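Structure assessment
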Amino acid sequence: MHGIGFGLVTASIIALASVAFSLQFSVTTTPNFAHGELLTVGAYGALVGQLLTHNIVVEIAAAMLSGAVVASLLNFAILQPFLRVGAKRLTIFLVTVAVGLIIQNLLLIAFGGAPSAYLLPAFELHAVGPFLWTSLDEAIMAATLLALLLLHGMLRYTKFGKSLRAVSDNPQLARVTGINTPRVVQLTWALDGLIAGFAGFVLAAYIGSITPTVGFTFLVVIFAASVIGGLGRPYGTLVGALLIGLAMEVSASYIPASYKTSVAFGLLIVTLLFRPSGIFATQIWKFSE
Amino acid sequence: MIDYLVSITTLAVIFAIVALALNVRWGWAGEFDFFVYGLVAVGAYVYAVVTLPPAPKDDPGFIYMLGLSQPFPVGVLAAMSVTGLISLVVGAIALRHLRQVFFGITTFSSVLILTAVISQETRLFNGYNGVFGVAQPFNDILQLPYHQYNLFFLGLCLVVLIVVYLLLERIFWSPFGLVLRAIREDEVAAAAFGKSPYTARLKAYVLGGLISGLAGSLLVSYLTAWNTDAWAPQETVLIFACIIIGGTANSRGAILGSFVVFGLILEGTRFLPPIPGHPDAPSAIRAIAIALVMLVFLRWRPQGLLPERHLIDADPSSTSRLDGIRNLIRRPLRRS
C-alpha cells in the first residue's frame, strides 16, 4: 500500500517531465536526448534561486525560466540550422545526444560533481487514507495536477494551443491555413523548457540534492512513460507515467530497490516489442524517414 | 615520454577496434546501437573471470564466478562467444520490428539494465567493485620488463586491429557487405531483390558483437581492472564521435577517427592548466571538446574525414556511381 502512495508521487514527477517531452515530440517529431538536461538545468536554476533569495516563488520561476531559455536556445541556435540543411532525424537525435553531453559537462564545471544539497523547509507527515505522505509529497501532486490542468486548458481553449495541435497533426496543412509554423515550433520548445524546468525543480525538491546527471538518469524513465503512452501523445503519456511510477514503487516492495529503474526499462522494452506505438495506438506506427 | 606515447597509442588502437565494431552496426547496417559498449564491458568481465585464478575463499569483498586461470586465447574466445551470443539474442528480438530511434532507446535501456544487474549481483563479477588483478597476456612466458612489455602489448593490439581491419574490408566488398548497405539505403527494395533484411542485419549485429568482445578482452588486459564506473553510457558517445569524425561506414575512417579523438582531443586537452576549485573541469572540458567537434562534423562534414567508399562502374564511358541497391546488379566494377 505504501508502494502505491510513493508510486503516485513518483508518477507525478514522471508525468510532468514526460508530458513536456511528448508535447515537444508531437510538434517537432524529433526525440530530444537532451531532455534530461533540461530538468537538470531547471534544478540548478532553483538552486541558484535559493542561494540568492530563499524565496520559493523565485526558485520555481528561476527553474522554469532557465529550462525555457535553454530549450529555446537548443532549438533556435542548434537544431534549426541542422534542419535548414535537411539533416535526417537520426542526425538530429545524435545532435541532441552531443548537446546533452555539453550541457551536463558545463554544469559539472560550474557546480562540481559532488551533490549540491537542495532542501526545502521541513515537512510534516500525514496519513491520508491508507497512504503516508509528507506535505512535500502532497504539494508535488497538487502542483502536478494544477500544471497539467493549466496545460490542458491551454491546449484546448487558447489560439496557441489550437495551432500547436494543428501543427502536430499535420504541419503542411497547418502552414497552408496560415499558421506561423516556425513560431509555433519555437514556442513549443519554450513551453517544453518551462514544464521541464518545473519538473527539474520538483525532482530536486523530492530527492533533496542535485548532481549534473540527475536529469540524465531520469531520462530513460521519461522515455519509458512517453513510449508506453504513445510517443507524441501528451494525454496518453499521463497514463504511461502513472503506470511506470506505480510499477517502479510497488516493485520496490518485492525486489531490491536498486532494480526500480530496471522495471521501468523492462516495461519500455516490452511495450516497444509488442505495441511499439503505445498502449492506445490503433495502428502500428512506422518510424521511418 | 615514450611510455606515455605507447600508453595512449595502445588505448587508441583498442578503441579503434571498438569503433570498427560499432561501424559494422551503425555505418554498414544503419543500426542506431547503444549496446556496443555494454558488450565491450561484458567481454572484459568474461575475459577477466576466465583468466583469473579462482576467487579467494576467505575474502567476502572479492567474489566472482568461474576463475579458471586460462591463458589469453581461451579468455578471448570465451569473451567473444558470450558477446556474440548476447548479440544474437538481443538482435533477434530487437531487430524484428524496431528501427532507428526506437532501436536506440531500446539498446540504451538494455545497457542500463545490464549495469544494474552486474552492479547488484556480486556473485557474477563482484558488483560495483568489479574485477581486478587481471594478468598481462603472455607475460608469464615472456617475462619481459615493464617498458618492453608495454611495447609488446601495443604490438599485439596492432596485430589484432590489422587482422580485424583486413577481415572487415573483405566483408565490406563481399556480396554480403553490398546487401547490407543496400538494406540500409532502402529496405523494401533490397527485400524485393530476395534479400532478407532481418537475416543480414542480424548477421551484422553478431559480427559487431564478436568484435566488441575481442576489444573488451584487450581493454581489460590493458587496464588490468574493470568495474561499472568504467562503462558509463557517455562512453558510447565517444565511440560515435570516433566514427562520425573519421567517416561513417569506412573502416579506415573509424580507425582514423579513434586516433583523432584519443590522440588529439583527449590527450591534447590533458595539458590544460588546472583550474583551482574545479577538480572536474579537465575531464568536463574534454567531453565538451569531443561533443563540439562531433557537432561541427555533423553540420559541415557529415560524411567524415574519409567518406564511405562505393563501387564505381569500371566502364570508362559511364560516369554513373552505383549506390545502394543498384550495386546488386552484376557489372564490371572497381573500388573508389
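Residues numbered from 1 in each chain as written. Chains lettered and ligands numbered in written order. Predicted model: local features only at pLDDT ≥ 70, side-chain atom pairs only at ≥ 80, totals over all residues.

**Considering the nonpolar core**
A general trend in soluble globular proteins is that nonpolar side chains are found buried together. Formally: Nonpolar cores are identified as sets of buried Ala, Val, Leu, Ile, Met, Phe, Trp, Tyr and Cys residues joined via C-beta atoms within 7 Å. Buried means a residue has 20 or more other C-beta atoms within 10 Å of its own C-beta, exposed means 12 or fewer, and partly exposed covers the counts in between; C-beta atoms are placed from the backbone. Any two residues are considered in contact once their C-beta atoms, placed from the backbone, lie within 7 Å.
With 205 residues, the main nonpolar core has Ala-43, Ala-224 and Ile-244 of chain A together with Ile-17 of chain B as its most contacted residues. In this structure, Ile-17 of chain B is in contact with Val-160, Leu-161, Val-164, Ile-211, Leu-214, Ala-215 and Leu-218 of chain B, ignoring residues within four places of it in sequence.

**Regarding the packing of helix H1 (residues 2-28) of chain B against helix H7 (residues 146-173) of chain B**
All names here are of chain B. Here is the rule we go by: Between N-to-C directions, angles span 0 to 180 degrees; the directions come from axes that are lines fitted to C-alpha atoms, helices contributing only their stretch in contact. Secondary structure elements are defined from DSSP: runs of H or I of at least 4 residues count as helices, runs of E of at least 2 residues count as strands, and each element is numbered from the N terminus. An angle below 35 degrees is treated as roughly parallel, one above 145 as roughly antiparallel, one from 65 to 115 as roughly perpendicular, and anything else as oblique. Take the far helix as your reference; a near helix turned counterclockwise from it by less than a right angle gives a left-handed crossing, and one turned clockwise gives a right-handed crossing.
At a closest axis distance of 9 Å, the pairing of H1 and H7 adopts a crossing angle of 20 degrees. With respect to H7, the axis of H1 lies roughly parallel. Of the two elements, H1 crosses H7, and the hand of that crossing is left-handed. In contact with Asp-3, Val-6, Ser-7, Thr-9, Thr-10, Val-13, Ile-14, Ala-16, Ile-17, Leu-20 and Val-24 of H1, H7 contributes His-147, Asn-150, Leu-151, Phe-153, Leu-154, Cys-157, Leu-158, Val-160, Leu-161, Val-164, Tyr-165 and Leu-168.

**Observations regarding unusual backbone geometry**
Of note, the phi angle at His-54 of chain A is positive, near 60 degrees, even though the residue is not glycine. Tracing the chain through its elements places His-54 of chain A in the loop between helix H2 (35-53) and helix H3 (56-84). Here Ala-249 of chain B, not a glycine, exhibits a phi torsion of approximately 65 degrees, which is positive.

**Side note on H2 of chain A**
Residues and elements named next belong to chain A. Stated formally: The span expected for a helix works out to 1.5 Å for each residue beyond the first.
With 19 residues, H2 extends 27 Å from end C-alpha to end C-alpha; this agrees with the ideal 27 Å at 1.5 Å per step. The element H2 is largely enclosed, with a buried count of 15 among its 19 residues. His-54 sits one or two positions beyond H2 and adopts a positive phi of about 60 degrees.

**Quick word on the confidence of the model for chain B**
All names here are of chain B. For the record, the criterion: You can read pLDDT as the predictor saying how much it trusts each residue, on a scale of 0 to 100.
Taken as a whole, chain B shows an average pLDDT of 83; of its residues, 90% reach a score of 70 or greater. Mean pLDDT across the elements of chain B bottoms out in strand S4 (residues 321-322) (50) and peaks in helix H10 (residues 197-223) (92). Listed scores for the predicted complex are pTM 0.86 and ipTM 0.85.

**Let's talk about H10 of chain B**
Along its 27 residues, H10 of chain B runs 38 Å from first to last C-alpha, staying within 8% of the 39 Å computed at 1.5 Å per residue. Two residues or fewer past H10 of chain B, Thr-224 of chain B is found with a positive phi of approximately 60 degrees.

**Considerations on the interface of chain A and chain B**
Keep this limit in mind: In this classification, the charged set is Asp, Glu, Lys and Arg, the nonpolar set is Ala, Val, Leu, Ile, Met, Phe, Trp, Tyr, Cys and Pro, and all remaining amino acids, among them Gly, are polar.
Across the boundary between the two partners, chain A contributes 34 residues, which contact 34 residues of chain B. Every element with two or more residues in the side of chain A that touches chain B is listed here: H3, helix H4 (89-111), helix H9 (214-229) and helix H11 (260-274) of chain A. Counting residues per element, the side of chain A that touches chain B draws most heavily on H4 of chain A, which supplies 14 residues. Classifying every residue of the side of chain A that touches chain B gives 25 nonpolar, 8 polar and 1 charged.

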